[in-house]
Amino acid sequence: MHATQSGAFGFLTKPIDKQELLDQVEKALRISGIRQSDEDWRSEIITRSALMEERLAQAHMVAGTDARVLITGESGTGKELLARAIHKASVRREHPFVAINCRR
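Here we summarise the structure given alongside this text.

What counts and how
Residues numbered from 1 in each chain as written. Predicted model: local features only at pLDDT ≥ 70, side-chain atom pairs only at ≥ 80, totals over all residues. Heavy atoms only, no water. 1 Å grid on protein atoms, 1.4 Å probe; cavity = no way out; pocket = protein on both sides within 12 Å on 5 of 7 lines; lining within 4 Å. Points joined across faces, edges and corners; volume = space filled by probe spheres on them. Helix = DSSP H or I, 4+ residues; strand = E, 2+ residues; numbered from the N terminus. Nonpolar A, V, L, I, M, F, W, Y, C, P; charged D, E, K, R; others polar. Axes fitted to C-alpha atoms, helices over the stretch in contact; angles between N-to-C directions. Parallel < 35°, antiparallel > 145°, perpendicular 65-115°, else oblique. Left-handed = near helix turned anticlockwise from the far one by under 90°. Contact = heavy atoms within 4.5 Å. Expected span 1.5 Å × (residues − 1). Buried < 20%, exposed > 50% of the residue type's maximum accessible area, 1.4 Å probe, protein only. Arc of directions from axis to C-beta. Polar contact = N/O pair within 3.5 Å; in protein donor to acceptor, adjacent residues only side chain to side chain. Core = buried A, V, L, I, M, F, W, Y, C linked by side-chain atoms within 4.5 Å.

## Some details on the layout of surface pockets
- Reported here for the second largest pocket is a volume of approximately 150 Å³.
- Every residue along the wall of the second largest pocket is listed here: Ile45, Met52, Ile71, Thr72, Gly73, Thr77, Gly78, Lys79, Leu81 and Leu82.
- Take the lining of the second largest pocket: its biggest share by element is three residues, from helix 4 (residues 79-89).
- Grouping the constituent residues of the lining of the second largest pocket by class yields five nonpolar, four polar and one charged.

See the structure below:
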């Protein structure tokens, strides 16, 4: 009760579902009126690597085009995360994102 009086609008139960947490944070940001920044497209990618920053700059550039992109790499390296970021930065961001897994 005290939490709702203090402004809480949602609750998460353990174990916490990561997507549910992200959805609640996004909802909180919308309700709070905080505007999205130019960097929101890559908000789920955290890095200090200069090489990764360079790759993200390339991803942002390609997101502004109609080019097709194939992202390859080992399992667990963040290929889908990068694909989602490119989608969020593109003009197609309002359309559904469809991940396709091409395992051998």
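## Comments concerning empty space enclosed by the protein
- Applying the stated criterion to the full structure yields one cavity of 30 Å³ or more.
- Empty space within the largest cavity amounts to approximately 40 Å³.
- Along the walls of the largest cavity sit Trp41, Arg42, Ser43, Glu44, Ile45, Leu81, Arg84, Ala85 and Lys88, which together make up its complete lining.
- Grouping the constituent residues of the lining of the largest cavity by class yields four nonpolar, one polar and four charged.

## Points about the packing of helix 3 (residues 50-63) against helix 4
- Taken N-terminus to C-terminus, the directions of helix 3 and helix 4 make an angle of 45 degrees; their axes are 8 Å apart at the nearest point. When the interaxial angle is binned, helix 3 and helix 4 end up oblique. Crossing hand, helix 3 versus helix 4: right-handed. Touching Leu56, Ala59, His60, Val62 and Ala63 of helix 3 are Leu82, Ile86 and Ala89, all from helix 4.

## Description of helix 3
- The end-to-end C-alpha separation of helix 3 is 20 Å, in line with the 20 Å expected for 14 residues at 1.5 Å each.
- What helix 3 keeps buried is the set Leu56, Ala59 and Ala63. For helix 3, the angular spread of the buried residues around the axis is 55 degrees, confining them to a single face. The exposed set on the far side of helix 3, more than 90 degrees from its buried face, consists of Ala50 and Met61.
- Looking at the packing, one finds that the buried side of helix 3 touches helix 4.
- At the N-terminal end of helix 3, a side-chain oxygen is found 3.3 Å from the backbone nitrogen of Leu51, two or three residues along, and the residue is Ser49.

## Brief notes about the nonpolar core
- Counting nine residues, the largest nonpolar core consists of Trp41, Ile45, Leu56, Ala59, Ala63, Leu82, Ala85, Ile86 and Ala89.
- Per element, the largest residue contribution to this core is four residues, and it comes from helix 4.
- In contact with Ala63, not counting residues within four places along its chain, are Ile86, Ala89, Ser90 and Val91.

Fair warning: the whole summary comes from geometry, so function is off the table for now.
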